[in-house]
Amino acid sequence: MTALARDPAEPDMRRGACPALSAPMMTGDGLLARVPLTASIAPEQLADLCRLAMRHGNGMIDISARGNLQIRGLSETSAPRLEAEVRAMDLPLRDGLAVEVPPLAGDEATEIVDPRPLADAIRDRARDIKGLAPKMSVIVDGAGRLTLSGLIADIRLVAVEADSEILWKILLGGTEASGRVFNVLRETEAIEATVSLLEKLASLGSDARGRDLASGLPANDFTAATISPFTLHALSNGTFATGLGPAFGQTHAGNLIALCNEATRLEISAVKPALDHSLLFFGSETACRTLTAFADGNGFVTSAADPRGHIAACTGHPACRSGTIATHEIATRAASECADLLDGSFKLHVSGCTKGCARPQATALTLCGMPDHVSLIASAKASGQPFASIAFADTNATLRRLAALVGSERRSGENSAACLARIGPDRLCQAAIPG
Ligand code: SF4
């Protein structure tokens, strides 16, 4: 059954529901459709997508943490029209299983190998496997500098070099750090093993995920460092890419159209939605630097040091009807008032409700809107056990007190995530609710 076949009075708020283009998901501000691009497009094409978002939706656009473009505020009648018009644009759209590669795959001088041929082979072989979980994902990572190591994958293949030979480490479930090692194989064997794993998962039913096959497997003993997309990237062909993004992954289509128009004026040839709610624009160094300055002046995140990039905030109130707090307003104040706390060692999660759309994983500190208060949660997901409950009006003041505690307690060389963990929930609670 597609989302459109559901009773609209019964919004599908399950975690795991996939808001694909042909099966948009009901959210608090209407249907949400994903435009799953598999390659870069021209800035003019992105501007055209934005115009469709304004015509058929409420004009709000998300770039998700996995780098998916999402169009919000669609209705039951406008969603099929959007789909038809997007398909008529002849964009590189994904059909079938999500087999993802890093956004600079094939363009990074430092990657061990271009992962795209392996990803293509897996995508082709998986085409006939029916019954996989809707959000099943395979990541194929050539181990460059900009990796997908922080994203959760059911099956992950990471290139490794051993005795001058390129092998693929296959991990099941979790991020690259938390996944379990299934095997390390040559390319042909890695494709066969991945297809067998997918067939096994399909045979277990559409709820089965990679982690279900991981029990008893060893932990991953090596995870390469990754860089932020929000910087200027020198590419192997002598050109550049610059990473920019809307604050908290969401903006009005009009802002993106202005950015795309500037990119076109600068003769920037291509743009690709990418991880961490970013957009990578490809062009000359001068064009990329000029576009970055334009984006900075227009409120986009342009640097890894921007504290807004260290906050995961969902749509929240008022756009999402499940949200009880104005997540973006709280997050904007937090970024300006608590920049020291937001040092990049963790994502502060500001969630409109316990569903935790913006951050499925645990994090060091979460503010979660509840029907009559805000829960504070440490080292857990939004649905985790709170260490304190506060009034809505005290949210930012409480966060300032917690930031001040971390500032005064931080040891030399200690980052905010480690300091929060060391302080622990009891003392965090005392700081949150003084007296
Ligand atoms: S987590 Fe945020 S976006 Fe998701 S349902 Fe709750 S309020 Fe809405």
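Residues numbered from 1 in each chain as written. Predicted model: local features only at pLDDT ≥ 70, side-chain atom pairs only at ≥ 80, totals over all residues. Heavy atoms only, no water.

A count of helices and strands for the protein gives nine helices and 19 strands. The C-alpha radius of gyration of the protein comes to 21 Å, within 12% of the 22 Å expected for a compact globule of 435 residues. When each of the 435 residues of the protein is scored for burial, the buried share is 53%. Relative to all contacts within the protein whose residues are 6 or more apart in sequence, the contacts with residues 24 or more apart total 60%. If you sum the accessible surface of the protein, you get close to 18400 Å²; carbon and sulfur atoms cover 50% of it. Put simply, the protein has 41 plus and 48 minus side-chain charges, and the middle of one group is 4 Å from the middle of the other. (Helix = DSSP H or I, 4+ residues; strand = E, 2+ residues; numbered from the N terminus. Rg over C-alpha atoms; globule rule 2.2 N^0.38 Å. Buried < 20%, exposed > 50% of the residue type's maximum accessible area, 1.4 Å probe, protein only. Contact = heavy atoms within 4.5 Å. Areas by Shrake-Rupley, 256 points an atom, 1.4 Å probe, with all protein chains shown as cover. Lys, Arg positive; Asp, Glu negative; His and termini not counted. Charge placed at Lys NZ, Arg CZ, Asp CG, Glu CD.)

Okay, the nonpolar core next. Of all hydrophobic cores here, the largest spans 39 residues; its most connected members are Leu 49 and Phe 281. At the level of elements, β2 (30–35), α1 (43–56), β3 (60–63), β4 (69–74), α2 (78–88), α5 (253–265), β14 (278–283) and α6 (285–297) are the ones that each hand at least two residues to this core. In terms of nonpolar packing, the next biggest core, distinct from the first, is built from 37 residues, Ile 311, Cys 419, Leu 420 and Ala 432 among them. (Core = buried A, V, L, I, M, F, W, Y, C linked by side-chain atoms within 4.5 Å.)

In this fold, Ser 375 is placed in strand β18 (residues 374–380). A polar contact is formed between the side chain of Ser 375 and the side chain of His 373, at a distance of 3.4 Å. With sequence-adjacent residues up to four places away left out, Ser 375 is seen in contact with Thr 366, Leu 367, Cys 368, Met 370, Pro 386, Ala 388 and Ser 389. (Polar contact = N/O pair within 3.5 Å; in protein donor to acceptor, adjacent residues only side chain to side chain.)

Opposite charge on two side chains allows them to pair when their charged atoms are near. Evaluated as defined, the whole model comprises 21 salt bridges. Two residues, Arg 265 and Glu 262, come together in a salt bridge whose shortest N-O distance is 2.9 Å. One end of the pair is Arg 265 and the other is Glu 262, both in helix α5 and three residues apart, which spans about a single turn. Under the relative-accessibility criterion, Arg 265 is labelled exposed at 56%. Residue classification places Glu 262 among the buried residues on the basis of a relative accessible area of 12%. Bridged by salt links that share partners, the residues Asp 29, Asp 62 and Arg 72 form one connected network. (Salt bridge = Lys/Arg side-chain N within 4 Å of Asp/Glu carboxyl O.)

Around the ligand lies a shell of twelve residues, among which Cys 314, Cys 320, Gly 323, Cys 353 and Cys 357 are the nearest. Within the shell around the ligand, the residues separate by chemical class into five nonpolar, six polar and one charged. (Near = heavy atom within 4 Å. Nonpolar A, V, L, I, M, F, W, Y, C, P; charged D, E, K, R; others polar.)

Another point: the domain arrangement of the protein. As a measure of interface size, the accessible area lost when the parts come together is often cited. Along its sequence, the protein is carved into domain 1 (3–94 + 230–304), domain 2 (104–213) and domain 3 (308–432). Look at where the C-alpha atoms of domain 1 and domain 2 centre, and you get two points 25 Å apart. Counting residues at the interface gives 14 residues for domain 1, matched by 14 residues for domain 2. Approximately 1200 Å² of surface area, both sides summed, lies buried where domain 1 meets domain 2, with 63% of it carried by carbon and sulfur atoms. The interface formed by domain 1 and domain 2 includes three residue pairs in polar contact (both at pLDDT 80 or more). Class assignment of the residues belonging to the side of domain 1 that touches domain 2 gives a composition of eight nonpolar, three polar and three charged. (Domains from an automatic or database assignment. Buried area = accessible area lost by both parts, 1.4 Å probe.)

So, about unusual backbone geometry. Note on backbone geometry: most residues besides glycine have negative phi, and most peptide bonds are trans. Geometrically, the link from His 317 to Pro 318 is a cis peptide bond, its omega value of 5 degrees lying close to zero. Take Pro 318: it is sitting in the loop between β15 (311–313) and α7 (327–337). The backbone of Phe 248 shows a phi angle near 55 degrees, a positive value even though the residue is not glycine. For Phe 248, a relative accessible area of 10% corresponds to the buried category.

For strand β8 (residues 165–172), the tally of buried residues reaches six of eight residues, placing the bulk of the element in the interior. Bridge count between strand β7 (residues 155–162) and β8: eight bridges; the pairing is antiparallel. For Ala 159, the partnering residue across the bridge sits in β8 and is Trp 168. Between β7 and β8, which pair antiparallel and follow one another directly, the connecting turn spans two residues, one of which, Asp 163, has a positive phi of 50 degrees. Relative to strand β9 (residues 180–185), β8 runs antiparallel, the two being bridged by five bridges. Bridge assignment links Leu 172 to a residue of β9, and that residue is Arg 180. (Pairing = 2+ DSSP bridges.)

Moving on, we come to the confidence of the model for the protein. When the pLDDT values of the protein are averaged, the result is 93; 96% of them are 70 or greater. Overall, residues 1–18 carries pLDDT values under 50, and its contacts beyond four positions in sequence, including any with other chains, amount to 41 contacts. (pLDDT = per-residue confidence, 0-100.)

Taken N-terminus to C-terminus, the directions of α7 and helix α8 (residues 395–409) make an angle of 30 degrees; their axes are 10 Å apart at the nearest point. With respect to α8, the element α7 is oriented roughly parallel. Here the hand of the crossing between α7 and α8 comes out right-handed. Taken together, the residues of α8 that come into contact with α7 (itself represented by Ile 330, Arg 333, Ala 334 and Glu 337) are Thr 395, Asn 396, Leu 399 and Arg 400. (Axes fitted to C-alpha atoms, helices over the stretch in contact; angles between N-to-C directions. Parallel < 35°, antiparallel > 145°, perpendicular 65-115°, else oblique. Left-handed = near helix turned anticlockwise from the far one by under 90°.)

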